[in-house]
Amino acid sequence: MSSLGDGPTRRTFLKVMGASVGLAGAASCAPPDEEILPYARQPLEAKPGVTVRYATALMLDGLATGALVRCRDGRPIKVDGNPGHPASLGGAGVFEQAAILSLYDPDRAMRPRGGRRVATWEQCVRAIRAGLGHDGGGAHLILEPTSSATTLRLLARVRERIPRLSMYWDSLEPPSPQVRQYDLARTRVVLAIDADPLASGPFHLRYARHFAQARRVGDDMARLYVAEPTPTPTGTMADHRLPLRAADAAALLAEVLLALPAQSVSAPVREALTRIAGERRHGPWAAVVARDLAANRGRGATLVGARQPRITHAMAHLLDSALGNIGATTWFTRSALLAGAESDGIAQLATAIESGGCHTLIVAGANPAYSAPADLDFTRLMRKAGLVATLSGYEDETAEASSWFMPMAHPLESWGDGRALDGVASVVQPVIRPMHGGRTVDELLAALMGENADGLALVRETWQAEARPDAWTRALEQGVVEGTAERRIEVPVPTAEIIESGAKTMRPPALELVFRTDSKVHDGRFANNAWLQELPDPVTKLTWDNAALLSPKTAARIGIQTGQHVALTSFGRTLAVPALIVPGHADESIVLSLGYGRTGELSVAQGAGVNAGLLRTRSAPSIADVTAVPGPGPTHHFAVTQTHWSIEGRDHVRHATLEELRHNPDLTSDQRGPVPSLYPPIHTTAPNQWAMLIDLSLCTGCSACVVSCQAENNVPVVGADGVRDSREMHWLRIDRYLEGPPDNPEASIQPMLCQHCEKAPCEYVCPVNATVHSSDGLNEMVYNRCVGTRFCSNNCPYKVRRFNWFNYESHIAETLKLAHNPEVTVRERGVMEKCTFCVQRIRGAQVVAGREQRSLHPDEVRTACQEACPSQAISFGSLTDPTPELAAGLADRRRYSVLHELGTRPRVQYLARITNPNPAMASQP
């Protein structure tokens, strides 16, 4: 139940903020005071206890994703997607949701320092400017990739004022000057090769939304082919999935191109493709894909992962061009990123340091001591560089080796700007003053030139040239700057010479090691976020760890089992990593996630996983040749949630093909009526009767809903040991079920939460009446009645109730308590908790409607999971006045209840998963 009185009070908030300012050091100089209200339409007075939203953007890998941040009493408490931003379209991924917890992280850097002594911002800047000299000779600057117009403007001025200052970009993948754009809503056949466009990447929220539109069940339902080394959320959505080594992606694309009609590809190009295809081990599979793509000219698309070499992307361009997809479902724009195009690369910086040509090194927002290729040994190089100054949000690996350090402001504390993948610009505006006196990269660049401008002035100077006088206000209000999208450009179709040059570089390893950014901590920047560390991986369900993922056959050949260590050797470097056997993984391929094994002042990340970057080199940053043998060390006990509360063996996940559904529309539905019950009817007398519907054909399993629920409902984390003991507290989980052979099983995804049963088994066994039924159909928990018998959990067939064995919130830092939603009770130990259908939102909307003397609008209440879902797989509303989406779902003949035969009559219903397999693939893998 909700409680307006729980959570941090304004007095607590002011006390913590005062302590934070004190920690910044009495001698440090804070930015000038300014009165700001971050929302564009500013009320005359911010009312205590009233939630207000403002538009901003969050940056990842230099690109922006639009967000709406909910603020309560001067502090942000929730991040949602901005419906008007092209990268989010209203959805919000796990990284955006977890930004709230990162803001209040007590491990964030709190004070500037020189050596080990507390310093001021001015002292740090004076030391850096002294190192720069009059022209920057012997000085070097490292930045992260950026699309900020303000940063680019300042960098241009820095080049003029400090002409000999060298600049480098800390980037995992070398960027391309042009970017492929896709309209997946218009596609009918999609081929994804070593790519996960529906759950990762700068536009994945948009792609998930658009592909869901193309995936609506019907005669024109899109078909998805996926070839990948390890299962991904996109792979679980596939109609046909092929386990494929990353090093073989180019060969598969060559086979698809060769299977097209002869006139589609010129003879010289076919000759080069033949050399790339080699033995054509995937010929039948590739031939079926080629025929399907050719039959849907102008309505197909080929997506290739970022880690693939340029020759693979070139062949994807060639394939789409041959099929008439360029200009229809896919096109090119200029890249919005500045990252590497004007740099000689960080390897050149290493050479300069080794030769004594670097006496000043400035690191602005990057962490090269952790992320740079291992063969550079960048930590050692930093010790030879003379003065090293770092601007970072944490005292991380790079900060440890720095002589001067400055805390960086969190994105929710910063003024700035950035562009989405399609070039649309957004203004980044703060919701709270920097808690620890942090500064932005833009403010550091201005300081290098002797200027003392603040972030707001720098950003406004960039956009003040807009023609309309209200452009600035509209940008703040809408979250986007109108008319800034990049125009389409023409990119030449790859020639035979380009394909031939790629053929000469094809040297697939016998056993490959694939590096990937992690689904939870990305490249390590989110490693200190407990919400993300405890979030189960969408496929493996692994938490608080990374692992060497490999197939059952490869594991048997090496002689290891899950949990045993495997010694990986690549380019003379060896790393022992615990192995995790994954059904559906490609043979002779090992996939290892980056972002773990962190050091520095990061208490949450300490001890979580191993640093895969120790095996990354300049010559093989993404795919490397590796040898693997059983390694030393005891068996590792992974914190995996897949087997917790297992309810396998029943038809709770229903699945059919589109063809089967045509012949029998009731194949997946509950064909019988309600199961008879001895219990009296539930009196649901309220005008609204709440219900939820989840379309399993659209759910990607990305877990955005899980983190959104955690942020909204103050769900605690329990740590790796707690997860190992099956004590995780998530109110919503994403179950994954496999069917078929272990080398390539078919996966099904199902979000599982409290079903809010009308005949709830938990209600009848509670001895203290702590779990009760509301008049509007909710299964409620009265926390102050619960005595922790756990009878309700034992009697719940869905296993969705969580018992908090310990008072998980009692030991957290005061700043973390500021992340709590004040409208939801913070539970102490000894009570049962579970999904409430975000009852606080329901009651809040009812209060507003009552004040205005009207009934609720159909779409006035949206749950946190529904609001975050990028594919709109979740519908919620009242059965008495449903939204159009809920009404359509309830009328769909695919609708069914999980464990219908028990007679629980749940208010959460599902639409069966429908796939659209190609009949011609029946005899293929």
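Residues numbered from 1 in each chain as written. Predicted model: local features only at pLDDT ≥ 70, side-chain atom pairs only at ≥ 80, totals over all residues. Heavy atoms only, no water.

A.B. asks: Got a sec to walk through the overall build of the chain? Specific residues and values, please.
C.D. replies: Summing up its helical and strand segments, the chain has 30 helices and 40 strands in all. Compactness check: the chain gives a C-alpha radius of gyration of 28 Å against a globular reference of 29 Å for 925 residues, within 12% of the reference. Taking all contacts inside the chain whose residues are at least 6 apart in sequence as the whole, residues at least 24 apart take part in 76%. Accessible area of the chain: about 35,400 Å², with a carbon and sulfur share of 52%. Side chains of the chain give 94 positive and 97 negative charges; the mean places of these two sets differ by 1 Å. (Helix = DSSP H or I, 4+ residues; strand = E, 2+ residues; numbered from the N terminus. Rg over C-alpha atoms; globule rule 2.2 N^0.38 Å. Contact = heavy atoms within 4.5 Å. Areas by Shrake-Rupley, 256 points an atom, 1.4 Å probe, with all protein chains shown as cover. Lys, Arg positive; Asp, Glu negative; His and termini not counted. Charge placed at Lys NZ, Arg CZ, Asp CG, Glu CD.)

A.B. asks: Tell me what's going on with the environment of Leu89, and back it up with residues and numbers.
C.D. replies: Within the fold, Leu89 resides in the loop between β3 (75-81) and α2 (94-97). Ignoring any residue separated from it by four or fewer positions in sequence, one finds Leu89 in contact with Asn82, Pro83, Arg206, Arg209 and His210.

A.B. asks: Outline the packing of aromatic side chains, listing residues and values.
C.D. replies: Counted by the stated rule, this structure contains ten aromatic pairs. Where Tyr182 meets Tyr207, the ring centres are 6.0 Å apart and the plane angle is 80°; that geometry is what we call edge-to-face. Placement of the pair is Tyr182 in strand β8 (residues 178-182) and Tyr207 in helix α6 (residues 204-214), with a sequence separation of 25 residues. Note on Tyr182: relative accessible area 11%, which makes it buried. With 5.5 Å between their ring centres and 5° between their planes, Trp690 and Phe876 make a pair best called stacked. Of this pair, Trp690 sits in strand β30 (residues 690-695) while Phe876 sits in strand β37 (residues 874-878), placing them 186 residues apart in sequence. (Phe/Tyr/Trp six-rings, centres within 6.5 Å; stacked < 30°, edge-to-face > 60°. Buried < 20%, exposed > 50% of the residue type's maximum accessible area, 1.4 Å probe, protein only.)

A.B. asks: Please provide a residue-by-residue account of the nonpolar core, values included.
C.D. replies: Of all hydrophobic cores here, the largest spans 91 residues; its most connected members are Met692, Leu753, Phe837 and Tyr910. Looking at this core, the element that brings in the most residues is helix α23 (residues 704-713), giving five residues. Setting aside residues no more than four positions away along its own chain, Tyr910 makes contact with Leu693, Ile694, Leu696, Gln750, Pro751, Met752, Leu753, Gln755, Arg894, Arg895, Tyr896 and Val898. Membership of the second largest hydrophobic core comes to 41 residues, among which are Leu242, Ile311, Ala316 and Leu323. (Core = buried A, V, L, I, M, F, W, Y, C linked by side-chain atoms within 4.5 Å.)

A.B. asks: Requested: an account of the sheet that holds strand β27 (residues 627-630), with residues and values cited.
C.D. replies: Strand order in the open sheet formed by seven strands is β26-β20-β25-β22-β24-β23-β27, with mixed pairing between adjacent strands. Across the chains shown, the open sheet's two edge strands, defined by having one partner strand only, are β26 (623-625) and β27. The average angle at which neighbouring strand axes cross in this sheet is 35°, direction not considered. Sheet analysis places strand β20 (residues 512-516) next to strand β25 (residues 589-593), joined by five bridges and oriented parallel. What sits directly across from Phe515, in β25, is Leu592. (Pairing = 2+ DSSP bridges. Axes fitted to C-alpha atoms, helices over the stretch in contact; angles between N-to-C directions.)

A.B. asks: Quick rundown of unusual backbone geometry? Include the residues and the values.
C.D. replies: With a phi angle near 50°, Asp194 is a residue other than glycine that sits in the positive phi range. By the element assignment, Asp194 lies in the loop between β9 (189-193) and α6. A relative accessible area of 6% places Asp194 in the buried class. Not every positive phi belongs to a glycine, and Ser726 is a case in point at roughly 60°. Looking at where Ser726 falls in the secondary structure, it is placed in the loop between α24 (719-724) and β31 (733-739). Looking at Ser726, the relative accessible area reads 32%, which means it is partly exposed.

A.B. asks: Go over the packing of helix α8 (residues 249-258) against helix α10 (residues 283-295) with me, naming the residues and quoting the values.
C.D. replies: Close contact between α8 and α10 brings their axes to 8 Å; oriented N to C, the two are set at 55°. Considering their axes alone, α8 and α10 lie oblique with respect to each other. Between α8 and α10 lies a crossing whose hand is right-handed. Residues Leu252, Glu255 and Val256 of α8 pack against Gly283, Trp285, Ala286, Ala290 and Leu293 of α10. (Parallel < 35°, antiparallel > 145°, perpendicular 65-115°, else oblique. Left-handed = near helix turned anticlockwise from the far one by under 90°.)

A.B. asks: Give me the lowdown on the pattern of salt bridges, citing residues and values where you can.
C.D. replies: Pairing is possible between side chains of opposite charge, provided their charged atoms come close. A complete count under the given rule lists 50 salt bridges for this structure. Across the salt bridge formed by Arg108 and Glu413, the nearest N and O atoms sit 2.8 Å from each other. Placement of Arg108 in the loop between α3 (99-103) and β4 (113-114) and of Glu413 in the loop between β16 (404-407) and β17 (416-419) is noted, with a sequence separation of 305 residues between them. The buried category is assigned to Arg108, whose relative accessible area is 5%. Residue Glu413 is classed as buried on the basis of its relative accessible area, which comes to 4%. (Salt bridge = Lys/Arg side-chain N within 4 Å of Asp/Glu carboxyl O.)

A.B. asks: For the pairing of β20, give the residues involved together with the corresponding values.
C.D. replies: Most of β20 is tucked away, with five of its five residues classed as buried. Of the two faces of β20, the one holding Glu512, Val514 and Arg516 and the one holding Leu513 and Phe515 are both buried throughout. Pairing of β20 with β26, which is carried by three bridges, proceeds in the antiparallel orientation. Across the sheet, residue Leu513 finds its bridge partner in β26, namely Ala624.

A.B. asks: Got a sec to walk through the side chain of Arg616? Specific residues and values, please.
C.D. replies: As for its position among the elements, Arg616 is in the loop between β25 and β26. Only 3.2 Å separates the side chain of Arg616 from the backbone oxygen of Ser371, close enough to count as a polar contact. (Polar contact = N/O pair within 3.5 Å; in protein donor to acceptor, adjacent residues only side chain to side chain.)

A.B. asks: Outline the environment of Gly133, supporting the account with residue identities and numerical values.
C.D. replies: Position of Gly133 among the secondary structure elements: in the loop between α4 (121-132) and β6 (139-143). What makes Gly133 partly exposed here is its relative accessible area of 48%. Separated by 756 residues in sequence, Gly133 and Gly889 place their C-alpha atoms 68 Å apart.

A.B. asks: Which residues make up the confidence of the model for the chain, and what are the values?
C.D. replies: Per-chain confidence: the chain averages 88 in pLDDT, with 92% of residues scoring 70 or above. In the model, residues 1-31 has pLDDT below 50 throughout and makes 58 contacts with residues more than four positions away in sequence or in other chains. (pLDDT = per-residue confidence, 0-100.)

A.B. asks: If you had to explain helix α19 (residues 496-504) to someone new, which residues and values would you point to?
C.D. replies: Here α19 has its buried residues at Ala496, Ile499, Gly502 and Ala503. Viewed along the axis of α19, the buried residues span an arc of 125°, placing them on a single side of the element. For α19, the exposed residues set more than 90 degrees away from the buried face come down to Glu497 and Lys504. Tucked into the core, α19 has its buried residues touching α9 (267-277) and α11 (310-322). (Arc of directions from axis to C-beta.)

A.B. asks: Give a detailed account of the state of the cysteines, specifying residues and quantitative values.
C.D. replies: A complete count under the given rule lists zero disulfides for this structure. You can see Cys754 has no disulfide; the closest cysteine sulfur is in Cys835, sitting 5.8 Å from it. Using a relative accessible area of 5% as the deciding quantity, one classes Cys754 as buried. Sulfur of Cys766: no disulfide; nearest cysteine sulfur belongs to Cys792 and is 6.3 Å away. The exposure class assigned to Cys766 is buried, which follows from its relative accessible area of 18%. (Disulfide = S-S within 2.5 Å.)

A.B. asks: Describe the sheet that holds β8, naming the residues involved and giving the relevant values.
C.D. replies: One open sheet holds the three strands; their spatial order is β8-β13-β19, and the pairing between them is antiparallel. Only two strands of the sheet have a single partner each, and these edge strands are β8 and β19 (488-489). As paired elements, strand β13 (residues 330-334) and β19 share two bridges and run antiparallel to each other. Within the sheet, the bridge partner assigned to Thr333 lies in β19 and is Arg488.

A.B. asks: Quick one: what's the story with the packing of α4 against helix α16 (residues 441-448), residue by residue and with numbers?
C.D. replies: Across the interface, α4 lies against α16 with an axial gap of 10 Å and an inter-helix angle of 55°. It follows from the interaxial angle that α4 and α16 lie oblique. For the pair α4 and α16, the crossing hand works out as right-handed. Contacts between α4 and α16 pair Trp121, Val125, Ile128, Arg129 and Leu132 from the former with Glu443, Leu444, Ala447 and Leu448 from the latter. Its residues assigned to classes, the contact of α4 with α16 comprises seven nonpolar, no polar and two charged. (Nonpolar A, V, L, I, M, F, W, Y, C, P; charged D, E, K, R; others polar.)

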